[in-house]
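# Observations on the three-dimensional arrangement
Here is what each chain is made of, one letter per residue.
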Amino acid sequence: MNWHAIKVIYKFEMLRTWNTLLQSIASPVISTSLYFVVFGAAIGSRIESVEGISYGAFIVPGLMMLSLLTQSISNASFGIYFPKFTGTIYEILSAPMSFVEVVIGYVGAAATKSLIIGFIILATAGLFVDLQIAHPIWMLSFLILTCITFALFGFIIGIWADNFEKLQLIPLLVITPLVFLGGSFYSVSMLPPAWQTVTLFNPVLYLISGFRWSFFEVADVSVGLSLSMILLFLAICLGIVWWMFKTGYKIRQ
Amino acid sequence: MQPIVSVSNLSKRYASGHQALDSVSLDIDKGEILALLGPNGAGKTTLISIICGIVTPTTGSVKVNGHDNASEYRKTRKMIGLVPQELTLGAFDTVWNTLCFSRGLHGHPPDPAHIEKTLRQLSLWEKRDSTLMTLSGGMKRRVLIGKALSHQPAILFLDEPTAGVDVELRKEMWALVNELRESGVTIILTTHYIEEAEEIADRIGVISDGRLLLVEEKSALMEKMGNKRLTIDLRQAITEVPPALAEYDLQLSDTGDQLTYTYDTRRERTGITALLQALNDTGLSLRDINTSQSSLEEIFVNLVSDS
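Residues numbered from 1 in each chain as written. Chains lettered and ligands numbered in written order. Predicted model: local features only at pLDDT ≥ 70, side-chain atom pairs only at ≥ 80, totals over all residues. Heavy atoms only, no water.

A tally of regular secondary structure across chain B gives ten helices and 14 strands. Over its C-alpha atoms, taken along the principal directions, chain B stretches across nearly 80 × 45 × 40 Å. Each of the 307 residues in chain B was classed as buried or not, and the buried ones make up 49%. Relative to all contacts within chain B whose residues are 6 or more apart in sequence, the contacts with residues 24 or more apart total 70%. Here chain B has roughly 14,400 Å² of accessible surface; of this, 46% comes from carbon and sulfur atoms. Between the mean site of the 32 positive side-chain charges and the mean site of the 41 negative ones, chain B shows a separation of 8 Å. (Helix = DSSP H or I, 4+ residues; strand = E, 2+ residues; numbered from the N terminus. Buried < 20%, exposed > 50% of the residue type's maximum accessible area, 1.4 Å probe, protein only. Contact = heavy atoms within 4.5 Å. Areas by Shrake-Rupley, 256 points an atom, 1.4 Å probe, with all protein chains shown as cover. Lys, Arg positive; Asp, Glu negative; His and termini not counted. Charge placed at Lys NZ, Arg CZ, Asp CG, Glu CD.)

Spelled out as structure tokens, the structure:
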């Protein structure tokens, strides 16, 4: 393993976060606070509780997932897209590194940033609502798995994209709607039966459900199914990344 | 002696259908400076990119110090430093950090002393904390060289290193290349500038349309392929070349006081003695005689146009 290479890529990517601290850290904190003001205070005052949990606390896992998914994707996709855009990717391609090491460096840094943001959102949420985590180990496992999986997904988007518009396309047009419609701000049981069935086709539902279970022991689908779905998505992403490096898809001519 | 780089039957056809390289074979000896000359789109950058691992060949193989660059890429890439043609640098990183980054990528632990030495060698020490976007084009070029040298490579590829740089910097780079060669580094450079190849290379390869037309020692190439010119200054101008001298195919200058005779140094008889005798017989009075050799540029143009 070329640990020195992994270390410098990881360090470089993390340094980029500190250079854009306001955008990286302050932005998710502000948007989370706004969500609490709008959903927690304005709407939450009209909904007493969802499945025995105060509405403000109920939306915390969904809010965290919303930020984690979008941040993991954007951090990782930008991380690999920017060297492609500037041409500095030649250094990565001519370095004595395997694709595993490249992925560990970029995806590891993107997942770390998302994880930090996740904890910041959790701390921010703690200021607005009384939070209890029923299964902290499971919560952390879901958190880490989600960060890594979606950072991998972002990495794939970064390799696939050949302009800045494509870089934003999937996070904006696919991920954000899926998170909103995946039970971030409501329980699936609150929907009419037909829509409940439709929602089951939304993969993000399984992430949010499992994550919410680790907080409140309340879930829309079984925890095992949630975990299986994340692991399945992780395996698919790893497979795609492996194929991209093997064939040189949009990286190596 | 085993060549440090050995290229065998290398071909590359891009997805667009463009045949960038066509069965190129080439051995590069340790410690030499090889210049690859060729017009735009000749395949120079593709050849370098394949050796460095950036481009995958369609057919053929590359060995670096006896190691295959596909199956043993860790060993081969560790030995290679590459300075790309374009000024491909990030914007917000500092000079110091970007050199440390390149060193780490090649699997080397941090070595501040070596980075400092490299920066000083490239006159970049004062700029070590500057961000890359604040540097001039010439400085960016030096940073790229610094990045390539940060992991102490045994082989250095310079893809048009002096394209767009001023004369002073170009000469500084030539001096640096000579310094590196003296320290044992093998250097392969591509260039458009014939004078660059003429000035610093030991051997010269000419590529055109993806084919390696020749690789020769620079001096041997010039000797072997160069025509020489004998210029004869006359004391009195003439209006035409005397018929008795027709067989020598002399060129008369517009002013009428200079005759030029072109001859091939490879021929056993150059015809100079006979020409001088014939000149004497026609009664022409000579003021001066001098000879000059074809420049590399003329040789290059002839080769490429013949291909």
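Read on for the rest.
Let's shift gears to unusual backbone geometry. Residues and elements named next belong to chain A. Of note, the phi angle at Lys 250 is positive, near 55°, even though the residue is not glycine. Examined against the element boundaries, Lys 250 turns out to sit in the segment after helix H11 (223–247). For Lys 250, a relative accessible area of 36% puts it in the partly exposed group.

With that settled, consider the interface of chain B and chain A. In this complex, chain B contributes 30 residues to the contact, which on the side of chain A involves 22 residues. A combined buried area of about 2,300 Å² lies between chain B and chain A, and 60% of that area is made up of carbon and sulfur atoms. Taken as a group, B:Arg74, B:Phe101 and B:Leu105 account for 27% of the area that chain B buries against chain A, more than any other trio of residues on that side. There are two salt bridges connecting chain B and chain A. Its salt-bridge partner being A:Glu91, residue B:Lys147 comes within 2.9 Å of it at the nearest N-O pair. Linking chain B to chain A there are nine residue pairs in polar contact (both at pLDDT 80 or more). Elements supplying a minimum of two residues to the side of chain B that touches chain A: helix H2 (73–79), helix H3 (95–105) and helix H5 (137–149) of chain B. No other element matches H3(B), which puts six residues into the side of chain B that touches chain A. Taken together, the residues of the side of chain B that touches chain A sort by class into 14 nonpolar, ten polar and six charged. (Buried area = accessible area lost by both parts, 1.4 Å probe. Salt bridge = Lys/Arg side-chain N within 4 Å of Asp/Glu carboxyl O. Polar contact = N/O pair within 3.5 Å; in protein donor to acceptor, adjacent residues only side chain to side chain. Nonpolar A, V, L, I, M, F, W, Y, C, P; charged D, E, K, R; others polar.)

To continue, consider the environment of B:Ala15. Structurally, the position occupied by B:Ala15 is in the loop between strand E1 (5–13) and strand E2 (19–28). For the pair formed by B:Ala15 and B:His151, sequence separation is 136 residues and the distance between their alpha carbons is 33 Å.

Here we come to the pairing of strand E3 (residues 33–37) of chain B. All names here are of chain B. Among the five residues in E3, five count as buried, and that is most of the element. Residues of E3 alternate between two faces, with Ile 33, Ala 35 and Leu 37 on one and Leu 34 and Leu 36 on the opposite face, all of them buried. When E3 meets strand E8 (residues 186–191), the two strands line up parallel, connected through five bridges. From the neighbouring strand, Ala 35 faces E8, where its bridge partner is Leu 189. Pairing geometry for E3 and strand E9 (residues 203–208), over four bridges, is parallel. Bridging from a neighbouring strand, Leu 37 pairs with Val 206 of E9. (Pairing = 2+ DSSP bridges.)

What follows concerns the domain arrangement of chain B. Each assigned domain of chain B is listed here: domain 1 (5–222) and domain 2 (228–294). The C-alpha-based centres of domain 1 of chain B and domain 2 of chain B are spaced at 45 Å. (Domains from an automatic or database assignment.)

In this section: helix H10 (residues 203–216) of chain A. All names here are of chain A. Taking 1.5 Å of rise per residue, 14 residues should cover 20 Å, and H10 covers 21 Å from first to last C-alpha, within 8% of that figure. Among the 14 residues of H10, 13 are classified as buried, and the element is accordingly described as predominantly covered. Between the side-chain oxygen at the start of H10 and the backbone nitrogen of Val 204 there is a gap of 3.0 Å, and the oxygen is on Asn 202. A positive backbone phi angle near 60° is found at Glu 217, which sits one or two residues after H10. (Expected span 1.5 Å × (residues − 1).)

A word on the packing of aromatic side chains. Residues and elements named next belong to chain A. Here the structure, examined in full by the defined rule, presents 23 aromatic pairs over all chains. Consider the rings of Phe 211 and Phe 215, whose centres lie 5.2 Å apart with planes at 80°: the pair is edge-to-face. On the criterion of helical spacing, the pair formed by Phe 211 and Phe 215 is a turn pair, its members being four residues apart in helix H10. No difference in accessibility class separates Phe 211 from Phe 215, as the two residues are buried. Here a set of aromatic residues connected by ring pairs shows up, and it is made of Phe 78, Tyr 81, Phe 82, Phe 85 and Phe 164. Lying across the ring of Phe 58, Arg 212 places its NZ or CZ 3.7 Å from the centre. (Phe/Tyr/Trp six-rings, centres within 6.5 Å; stacked < 30°, edge-to-face > 60°. Lys NZ or Arg CZ within 6 Å of the ring centre and 35° of its normal.)

Our focus in this paragraph is the sheet that holds E8(B). As a general point, the strands of a sheet are linked pairwise by backbone hydrogen bonds and lie either parallel or antiparallel. Residues and elements named next belong to chain B. Taken together, the six strands give an open sheet; going across it, the order is E6-E7-E8-E3-E9-E10, and neighbouring strands pair in mixed fashion. Here the strands that pair on one side only, and so sit at the sheet edges, are strand E6 (80–83) and strand E10 (211–217). Shown here is a sheet whose adjacent strand axes are inclined to one another by a mean of 15°, direction ignored. Running over the sheet, H5 touches E6 and strand E7 (155–159) and is turned about 170° from E6. (Axes fitted to C-alpha atoms, helices over the stretch in contact; angles between N-to-C directions.)

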